[in-house]
Amino acid sequence: MKLVFATHNPGKLQEVRELLAPDYEVIGLDELGDHDEIEETAMTLEGNAWIKARTVWQKHGLSCFSDDTGLEIAALDNAPGVFSARYAGPSKDADANMDKVLLKLEGSSNRKARFRTAVALVFNGNEHLFEGTVNGEISTSRSGSKGFGYDPIFTPHGYTESFAEMDAKTKNEISHRGLAIKKLVAFLKAH
Ligand code: IMP
């Protein structure tokens, strides 16, 4: 069965494709010839995930899932949350985003944070939502150079290394996105 992953990100696509083969053929938007950016205008991760999955279902009539992720920092009332990519401005600059977080938390002893991923699935017209969360702490400076986004300043609970110091396999096993996708895969394997 064909299943669309509403993303233009080839890295994300490849990862999920391997998990669902051979039962499902996962195709990205670019392979569908759909190069439009879907505007993420909702105020929640779930809302944005639904916008993307429903847009594809309505436009192409194909079952579809999408993901949306945010970093939620307790001392900042769960900011940047849904605005994680653009926290320091529209250029989506990861370094500037990390600088902004470190500055806002300067002197703060509460450094609790979590990454949260919402995965929305429209499957034969029926809607299902999956969530993955990883709890951790924002460090006082960067460490590591792997990964992307806020990885150098996030240390998951139970570990001494930041996400940016872990190899991709270790990170995927415990990460927000990894956990949410695992739930999606378990659902799809059972259907
Ligand atoms: P997206 O919904 O996957 O595009 O993620 C939105 C933003 O959250 C990204 O641009 C990053 O700033 C941040 N982000 C998402 N996942 C991760 C991660 O695994 N590590 C670090 N930052 C992440």
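Calculation rules
Residues numbered from 1 in each chain as written. Predicted model: local features only at pLDDT ≥ 70, side-chain atom pairs only at ≥ 80, totals over all residues. Heavy atoms only, no water. Helix = DSSP H or I, 4+ residues; strand = E, 2+ residues; numbered from the N terminus. Rg over C-alpha atoms; globule rule 2.2 N^0.38 Å. Buried < 20%, exposed > 50% of the residue type's maximum accessible area, 1.4 Å probe, protein only. Contact = heavy atoms within 4.5 Å. Areas by Shrake-Rupley, 256 points an atom, 1.4 Å probe, with all protein chains shown as cover. Lys, Arg positive; Asp, Glu negative; His and termini not counted. Charge placed at Lys NZ, Arg CZ, Asp CG, Glu CD. Salt bridge = Lys/Arg side-chain N within 4 Å of Asp/Glu carboxyl O. Axes fitted to C-alpha atoms, helices over the stretch in contact; angles between N-to-C directions. Left-handed = near helix turned anticlockwise from the far one by under 90°. Nonpolar A, V, L, I, M, F, W, Y, C, P; charged D, E, K, R; others polar. Near = heavy atom within 4 Å. Polar contact = N/O pair within 3.5 Å; in protein donor to acceptor, adjacent residues only side chain to side chain. Phe/Tyr/Trp six-rings, centres within 6.5 Å; stacked < 30°, edge-to-face > 60°.

This brings us to the overall build of the protein. Along the backbone of the protein there are five helices and seven strands. Secondary structure elements in the protein, listed N-terminal to C-terminal, are β-α-β-α-β-β-α-β-β-β-α-α. For 191 residues, the compact-globule estimate of 2.2 N^0.38 gives 16 Å, and the protein sits close to it at 17 Å. Reported as C-alpha extents along the three principal axes, the dimensions of the protein are approximately 50 × 30 × 25 Å. Taken across its 191 residues, the protein has 45% of its residues classed as buried. If you take every contact in the protein between residues at least 6 apart in sequence, the share linking residues at least 24 apart comes to 55%. Counting every atom, the protein has about 9500 Å² of accessible surface; 51% of that belongs to carbon and sulfur. Looking at the protein, you have 22 positive and 28 negative side-chain charges, and the mean spots of the two groups are 3 Å apart.

Taken as a whole and assessed by the stated rule, the structure comprises 16 salt bridges. For Lys-189, the salt bridge is made with Asp-23, and the minimal N-O distance between the two is 3.6 Å. With Lys-189 in helix α5 (residues 176-189) and Asp-23 in the loop between α1 (10-20) and β2 (25-28), the pair connects residues that are 166 residues apart, well separated along the chain. Judged by relative accessible area, which is 42%, Asp-23 ranks as partly exposed. Glu-131 is paired through a salt bridge with Arg-116; the nearest N and O atoms lie 2.6 Å apart. Linking Glu-131 in strand β6 (residues 126-138) with Arg-116 in strand β5 (residues 112-123), this pair joins segments that are 15 residues apart in sequence. Through salt bridges with shared partners, a single ionic network connects Glu-46, Glu-72, Arg-114, Arg-116 and Glu-131.

Glancing now at the packing of α1 against α5. The axes of two packed helices give the description: the angle between them and the distance between them. Remark: α1 packs on α5, axes separated minimally by 10 Å, with the N-to-C direction vectors making an angle of 35°. The chirality of how α1 crosses α5 is right-handed. Where α1 abuts α5, its residues Lys-12, Val-16, Leu-19 and Leu-20 lie against Arg-177, Ile-181, Val-185, Leu-188 and Lys-189. When the residues that make up the contact of α1 with α5 are grouped by side-chain class, the tally is six nonpolar, no polar and three charged.

Of all residues adjacent to the ligand, which total 13 residues, the nearest are Lys-12, Thr-69, Asp-151, Lys-171 and His-176. In the model, an oxygen atom of the ligand is placed 2.7 Å from a nitrogen or oxygen of the Lys-171 side chain. With the chains in place, 84% of the 480 Å² that the ligand exposes on its own is no longer accessible. Counting residues per element, the ones that place at least two in the shell around the ligand are β3 (64-73) and α5.

The final tally for this structure, using the stated rule, is six aromatic pairs. Each ring, one from Phe-123 and one from Phe-187, has its centre 5.9 Å from the other, and the planes form 85°; the classification is edge-to-face. Taken as a pair, Phe-123 in strand β5 and Phe-187 in helix α5 lie far apart in primary sequence, 64 residues in all. When its relative accessible area of 14% is taken as the criterion, Phe-187 is described as buried. Here the aromatic rings of Phe-154 and Phe-163 are separated by 5.2 Å at their centres, their planes lie at 45°, and the arrangement is tilted. Residue Phe-163 is classed as buried on the basis of its relative accessible area, which comes to 1%. An aromatic cluster is built from Phe-115, Phe-154 and Phe-163, whose rings are joined through pairwise contacts.

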